[in-house]
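Residues per chain are reported as follows:
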Protein chains: 4
Amino acid sequence: GANDRTTRVVHRALIALVALSVLSVVLESVPQYRVYRRMFHNVELVAVACFTIEYLLRLWSAPEHTPYSDRSPWGARLAFVTSWSAIIDLLTILPLYLSFFVSADLGVMVMFRLLRFFKLARYSVGIRTLVAVMEAERKALVATAILLLGAVLFSATAIHIAEQDAQPETFGSIPSAMWWAIVTITTVGYGDVTPVTLAGRLIASVTMVTGYVMLGLPVGIVATAFAEEIHRQEFVVTWS
Amino acid sequence: GANDRTTRVVHRALIALVALSVLSVVLESVPQYRVYRRMFHNVELVAVACFTIEYLLRLWSAPEHTPYSDRSPWGARLAFVTSWSAIIDLLTILPLYLSFFVSADLGVMVMFRLLRFFKLARYSVGIRTLVAVMEAERKALVATAILLLGAVLFSATAIHIAEQDAQPETFGSIPSAMWWAIVTITTVGYGDVTPVTLAGRLIASVTMVTGYVMLGLPVGIVATAFAEEIHRQEFVVTWS
Amino acid sequence: GANDRTTRVVHRALIALVALSVLSVVLESVPQYRVYRRMFHNVELVAVACFTIEYLLRLWSAPEHTPYSDRSPWGARLAFVTSWSAIIDLLTILPLYLSFFVSADLGVMVMFRLLRFFKLARYSVGIRTLVAVMEAERKALVATAILLLGAVLFSATAIHIAEQDAQPETFGSIPSAMWWAIVTITTVGYGDVTPVTLAGRLIASVTMVTGYVMLGLPVGIVATAFAEEIHRQEFVVTWS
Amino acid sequence: GANDRTTRVVHRALIALVALSVLSVVLESVPQYRVYRRMFHNVELVAVACFTIEYLLRLWSAPEHTPYSDRSPWGARLAFVTSWSAIIDLLTILPLYLSFFVSADLGVMVMFRLLRFFKLARYSVGIRTLVAVMEAERKALVATAILLLGAVLFSATAIHIAEQDAQPETFGSIPSAMWWAIVTITTVGYGDVTPVTLAGRLIASVTMVTGYVMLGLPVGIVATAFAEEIHRQEFVVTWS
């Protein structure tokens, strides 16, 4: 009905505003565009105004929404304020309000403002599914990252021992060799640092094959989770 | 029978013509081969003549073909003309006809002529299956691309903050840092731009591992869709 | 029994001989090892002698082996001689015999001698399974390669148009731009050729994401085939 | 109860000690941190003391633990001492004790001390699962590595033949061409060595596509094993 159409229009307007405001944050950082500073600031003012209204409306109507509908009105609002989604929303509007009081360090503020990008996930089933898959396999992915770190440690130590005499400035300590090891094991391979000795190249070969083979872990984890999520959704669709 | 054999011969001739004409487009761009210009032009003339005949025959016989067989003859032809497949076919022959009237910008024209390559999909079950799989998961793949863009944005902003003083010419703005971020997160790793500070390398490490782990999303999506497509085809084969 | 033990010993000896002879081919190419020339030649003589005896014994006993046991003795031997496995075996011993008559072009000969490596597949269930999986999905993998070629063509043409003025020596023609495109789409990313214009970098970004996403095709194909092969083997083990 | 809480606290303390001691090994290698030498040595002393106590306690209580509970007390202890887990534990504490007697080669000792990292696997279900998956598919992964080696050999030989005249210092022998081949086939692509001739670039293109497609093998193997492991665990959880 008319209500549905209104929701759709509001959603699309918010998506456009998120896109515009993220674009503005990105372009603001370009030195040549300093001259458009005032325009970027205006976009920010409009965006923060809208997101603030959205936040307040969501806060006010929290008791009517599903996850909190069994609580008291103020209990629902408190639960909303402490939810991840609301905290992120707050962080994305905070930098502007803070800038009225303190001349803030722009660096981290920019990161906060970019968090707006994740508002998109709220309006897309596809992104929500992917995020849900990654989150469901959080533990397995962290375990993969730890295994990867272990492989990086061993590989960095081995190449440090093999190459420290030949290239002391890049392989002179384990931490600096770890830069090479992570670039290699993720198969990125910048080539800014490469082994030159025979032993170093043998170690590098083993590291590359390890990275190539271990890629099966994250892919296998996500693929399995994704297949199950799809089957679960089909099951829901079929039976309800 | 004889009809089948004729179809097969015509298909093979068209495949050969597509290959020859694409090869001619590619070689035409080589400065040393300018001397063969006339030959390339003749290949183009023959190819466009054949593809025009093919287009007209398909247009004429549209009412006899499955997707349009329940329509009126001219309704079927209209439906054919507005189908994706026919639009692409038209685009691949248009540049030559346009060149008779206007001295066209060659750049985009070359892209149009190369669209012929996708005619191959019409004659190969394998390619059609793969394209169908990619198309069926269009939404999930776009969602993956948006998530990837979000990761690129954050990673570019973080490295811009960390490296802007050390390397102002390459990390001096978020858009220029995005070049590094996308090269890194897709694990391509040209190495034309690399971080040199400790903070930059830590951010780069997180970015690389993110790209390595997120590879599970497209692969999981396509692999799941592919497995289901295969099972569906086997089901069809078994039950019909 | 004793027979089994003999078979195992012979297999291991042949594996060792394959490894030794491949190693000898590899080391023979090192200019510094020219002094060991005579030794490499002796290894080759012994290896070819053994592989010739193996070939003749397999030829002689062909009628007793499963795939040919229903044929006449000489029919079985003819079928053996024209099998892929026997042709490869013959190619690996031919270079030495040819060198007695003609002073052959060493290049291709070295490739033939290296084919010995594939004898290993005969003695390992694991390698045989993997090769069977790749072979079963031959068509789908070729279709993937053709799709990849199409993506390379478009990407190369687009970057050629965008970068030909900025970098005429590397992007001056479609064939030379194809080198960049294939290095990028397979996510190898040497970095010997990279775009420098804004349009070029946008096209490169699309190419990288295409390569990152299309990786799902070969991986999905092989993973699906592998899972089915495993289930088929388990089925056979369970029911027989 | 209190016992469980104690176990948890001890586990966490051991995890912290592993992390601290690995960090100390890593930082010890940095030339600028030589001044903190004594501190690193003290961390090592504490860590080895704790790990020695852990080893002795585990040795003593071996007869009470599941895998050995059906053996005689001393048989259980002998089985424990010769288990992989105990050998690794011993190797991680040995370097310090050895250093009291001999002035050891620090290189390999550092590797032994880093083995502590694998103690983490003992306390994390996730890591244990991943290691179990990789170990279960050991044979298939080794077969993949051998196939990869075969592809590297052929690709290195072909490029050696094509590029030896153009770049004798990098492609002058098969072993040195193998460095390029492995960097390329694993899609790492440092770019320190790249082909420049047309034939070399064609061979490189085939090599890159081979690496891109063969990535399906390790990923397919690990993904299949992972999916089965997950289903097995769910089966156990559902039925027990």
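About the cut-offs
Sequence order sets the numbering: in each chain, residues are counted from 1 along the sequence as written. Each chain takes a letter, starting from A, and each ligand takes a number, starting from 1, following the order in which they are written. The predicted nature of this model means local features are confined to residues of pLDDT at least 70 and side-chain atom pairs, given and counted, to a pLDDT of 80 or more, with totals for whole chains, interfaces and linings taken over all residues. Side-chain calculation: all heavy atoms of the structure are included, whereas hydrogens and water are not. Computed over the protein atoms alone on a 1 Å grid, cavities are sets of points where a 1.4 Å probe fits but cannot get out and pockets are open sets with protein on both sides within 12 Å along at least five of seven lines; a residue lines them when it has an atom within 4 Å of a point. Grid points are joined across faces, edges and corners, and a volume is the space filled by probe spheres set on the points. Residues are sorted three ways: Asp, Glu, Lys and Arg are charged, Ala, Val, Leu, Ile, Met, Phe, Trp, Tyr, Cys and Pro are nonpolar, and all the rest, Gly among them, are polar. Pairs of residues are marked as contacts when any of their non-hydrogen atoms sit within 4.5 Å. Throughout, buried area stands for the accessible area (probe radius 1.4 Å) lost by two parts on being put together, summed over both. We call two N or O atoms a polar contact when they sit within 3.5 Å, provided that within protein one can donate a hydrogen and the other can accept it, with sequence-adjacent residues counted only if both atoms are side-chain atoms. Segments assigned H or I by DSSP are reported as helices when at least four residues long, segments assigned E as strands when at least two residues long, and all are numbered from the N terminus. Throughout the structure description, domain borders are defined by an automatic or database domain assignment. Here a salt bridge means any side-chain nitrogen of Lys or Arg lying within 4 Å of a carboxyl oxygen belonging to Asp or Glu. To pair, rings of Phe, Tyr and Trp, with the six-membered ring standing in for Trp, must have centres within 6.5 Å; the planes then decide the type, stacked if under 30 degrees apart, edge-to-face if over 60, and tilted in the middle. Buried residues are those whose accessible area, probed at 1.4 Å on protein chains only, stays under 20% of the maximum for their type, while exposed residues exceed 50% and partly exposed ones sit between those limits. Sitting over a ring, as applied to charges here, requires NZ of Lys or CZ of Arg to be within 6 Å of the ring centre and within 35 degrees of the ring normal.

## A short note on empty space enclosed by the protein
Over the atoms, a rolling probe the size of a water molecule traces out where space has been left empty. One pass over the full model with this rule turns up three cavities of 30 Å³ or more. Its volume calculated, the largest cavity comes out at about 60 Å³. In terms of lining, the largest cavity is formed by Thr186, Thr187 and Leu215 of chain A, Thr187, Tyr212 and Leu215 of chain B, Thr187 and Leu215 of chain C together with Thr186, Thr187 and Leu215 of chain D. Residues belonging to the lining of the largest cavity are distributed by class as follows: five nonpolar, six polar and no charged.

## Quick notes on the interface of chain A and chain B
Counting residues at the interface gives 45 residues for chain A, matched by 44 residues for chain B. Carbon and sulfur atoms make up 80% of the area that chain A and chain B hide from each other, which totals about 3700 Å². Summed over the shared surface of chain A and chain B, the result is five residue pairs in polar contact (both at pLDDT 80 or more). Only helix H1 (2–28), helix H5 (106–114), helix H7 (125–136), helix H8 (138–163), helix H10 (174–185), helix H11 (198–214) and helix H12 (216–239) of chain A provide two or more residues apiece to the side of chain A that touches chain B. In terms of residue class, the side of chain A that touches chain B is made up of 35 nonpolar, eight polar and two charged.

## Here we look at the domain arrangement of chain A
All names here are of chain A. Examined at the domain level, chain A breaks down into domain 1 (2–123) and domain 2 (124–240). Once you take the C-alpha centre of each, domain 1 and domain 2 turn out to be 34 Å apart. Listed per partner, the contact involves four residues of domain 1 and four residues of domain 2. Between domain 1 and domain 2, roughly 280 Å² of surface is buried when both sides are summed, and carbon and sulfur atoms account for 51% of that area. Joining domain 1 to domain 2, the criterion identifies zero salt bridges. Scanning the region where domain 1 abuts domain 2 turns up two residue pairs in polar contact (both at pLDDT 80 or more). Split into classes, the residues belonging to the side of domain 1 that touches domain 2 amount to three nonpolar, no polar and one charged.

## Notes on the packing of aromatic side chains
Residues and elements named next belong to chain A. One pass over the structure, following the stated rule, counts 28 aromatic pairs over all chains. Between tyrosine 97 and phenylalanine 100, the aromatic rings sit 6.3 Å apart at their centres with planes inclined by 80°, giving edge-to-face as the arrangement. Highlighted residues: tyrosine 97 and phenylalanine 100, both in helix H4 (residues 84–101), separated by three residues, approximately one helical turn. On the basis of relative accessibility, which here comes to 32%, the residue tyrosine 97 falls in the partly exposed class. Classification of phenylalanine 100 by relative accessible area gives exposed; the value is 53%. The lysine or arginine in question, arginine 77, covers the ring of tryptophan 60, its NZ or CZ lying 4.3 Å from the ring centre.

## Brief notes about the pattern of salt bridges
Applying the stated criterion across every chain yields a total of 24 salt bridges over all chains. Its salt-bridge partner being lysine 119 of chain A, residue glutamate 54 of chain A comes within 2.7 Å of it at the nearest N-O pair. Taken as a pair, glutamate 54 of chain A in helix H2 (residues 37–61) and lysine 119 of chain A in the loop between H5 and helix H6 (120–123) lie far apart in primary sequence, 65 residues in all. This pair shows no difference in class: glutamate 54 of chain A is buried, exactly as lysine 119 of chain A is. With its nearest N and O atoms 3.0 Å apart, the salt bridge here joins arginine 122 of chain D to aspartate 89 of chain D.

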